[in-house]
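Chain residues, written in single-letter form:
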Amino acid sequence: MNFDEFKAVFLNNARLNGVEDLCHSDVIEKFMQLTDIMIETNKVMNITAIKKVEDIISLHYVDCIKLCPYLHEDAYVLDVGCGGGFPTLPIAIVRPDLKIVALDSTEKKVRYVQSVSDTLGLNVKTVSDRA
């Protein structure tokens, strides 16, 4: 899927869920990068069972960012059991003002989330531990 197709699907889903005002081109570009990384990583490590790009957009990305309008500016957020980075990564993409800590007991998933965060330049800190 090229960027224009990805953007059209993303914006349509965002519009249907009332979050289109959060979805500028640079944000959608980061979501496309995240998708590419996730699909590639999913070949060797189970990040998600959802593999179809259209479903990833609606079930992972847009579903996660619906929370963003309710978070105060510059808030601290703790994602307990972040797994493959949901909702951590989508929220961090849309709301760079937030300070997000992603906590999970599975070290390899925490390393994945931190690696993606570093690659995309997101404000995420990860911790591998139990709550």
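Sequence order as written defines the numbering, with residues in each chain counted from 1. Residues qualify for local features only when their pLDDT is at least 70, as the model is predicted, and side-chain atom pairs are given and counted only at 80 or more; totals for whole chains, interfaces and linings, by contrast, use all residues. With hydrogens and water stripped out, all remaining heavy atoms of the structure feed into the side-chain values.

### Notes on the pattern of salt bridges
Only one rule defines a salt bridge in this text: a Lys or Arg side-chain nitrogen within 4 Å of an Asp or Glu carboxyl oxygen. The final tally for this structure, using the stated rule, is five salt bridges. Note that Lys43 and Glu40 form a salt bridge whose closest N and O atoms lie 3.2 Å from each other. Between Asp63 and Lys66 there is a salt bridge; the shortest N-O distance is 3.6 Å. Working definition: with a 1.4 Å probe on protein chains only, accessible area under 20% of the residue-type maximum means buried, over 50% means exposed, and in between means partly exposed. Here Asp63 falls in the partly exposed class, since its relative accessible area comes to 44%.

### Some points on the packing of aromatic side chains
When we look at a pair of aromatic rings, we describe it by the centre distance and by the angle of the planes. To pair, rings of Phe, Tyr and Trp, with the six-membered ring standing in for Trp, must have centres within 6.5 Å; the planes then decide the type, stacked if under 30 degrees apart, edge-to-face if over 60, and tilted in the middle. Summed over all chains, the structure comprises five aromatic pairs. Considering the side-chain rings of Phe31 and Tyr61, the 4.8 Å spacing of their centres and the 40° angle between planes classify their relative orientation as tilted. You can see Phe31 sitting in helix H2 (residues 25–41) and its partner Tyr61 sitting in helix H3 (residues 53–65), a full 30 residues away along the chain. Residue Phe31 is classed as buried on the basis of its relative accessible area of 0%. Measuring from centroid to centroid gives 6.3 Å for Tyr61 and Phe86, while their planes differ by 35°, and the two rings are tilted. Runs of H or I in DSSP of at least four residues are treated as helices and runs of E of at least two as strands, each being numbered from the N terminus.

### As for the sheet that holds strand E2 (residues 99–104)
Think of it this way: DSSP has to see at least two bridges between two strands before they count as a pair. Strands sit in the order E1-E2-E3 across an open sheet of three strands; the sheet is parallel. Strands at the two margins of the open sheet, each flanked by one partner only, are strand E1 (76–80) and strand E3 (124–128). For this sheet, the mean angle separating the axes of adjacent strands, direction not counted, is 20°. Across the sheet, helix H5 (residues 107–120) lies against E2 and E3, angled at about 170° from E3, the strand it touches most. Fitting a line to C-alpha atoms yields each axis, with helices limited to the stretch in contact; the angle taken between N-to-C directions then spans 0 to 180 degrees. For this analysis, residues touch if any pair of their heavy atoms sits within 4.5 Å.

### Quick word on the side chain of Thr48
Along the polypeptide, Thr48 turns up in the loop between H2 and H3. Here Thr48 falls in the buried class, since its relative accessible area comes to 7%. Whenever a nitrogen or oxygen atom comes within 3.5 Å of another N or O atom, the pair is scored as a polar contact, on the condition that within protein one atom can donate a hydrogen and the other can accept it, and that pairs from neighbouring residues in sequence are kept only if both atoms are in side chains. Here the side chain of Thr48 touches Ile50 through a polar contact of 3.0 Å, landing on its backbone nitrogen. Contacts of Thr48, omitting those with residues within four sequence positions, involve Met38, Asn42 and His60.

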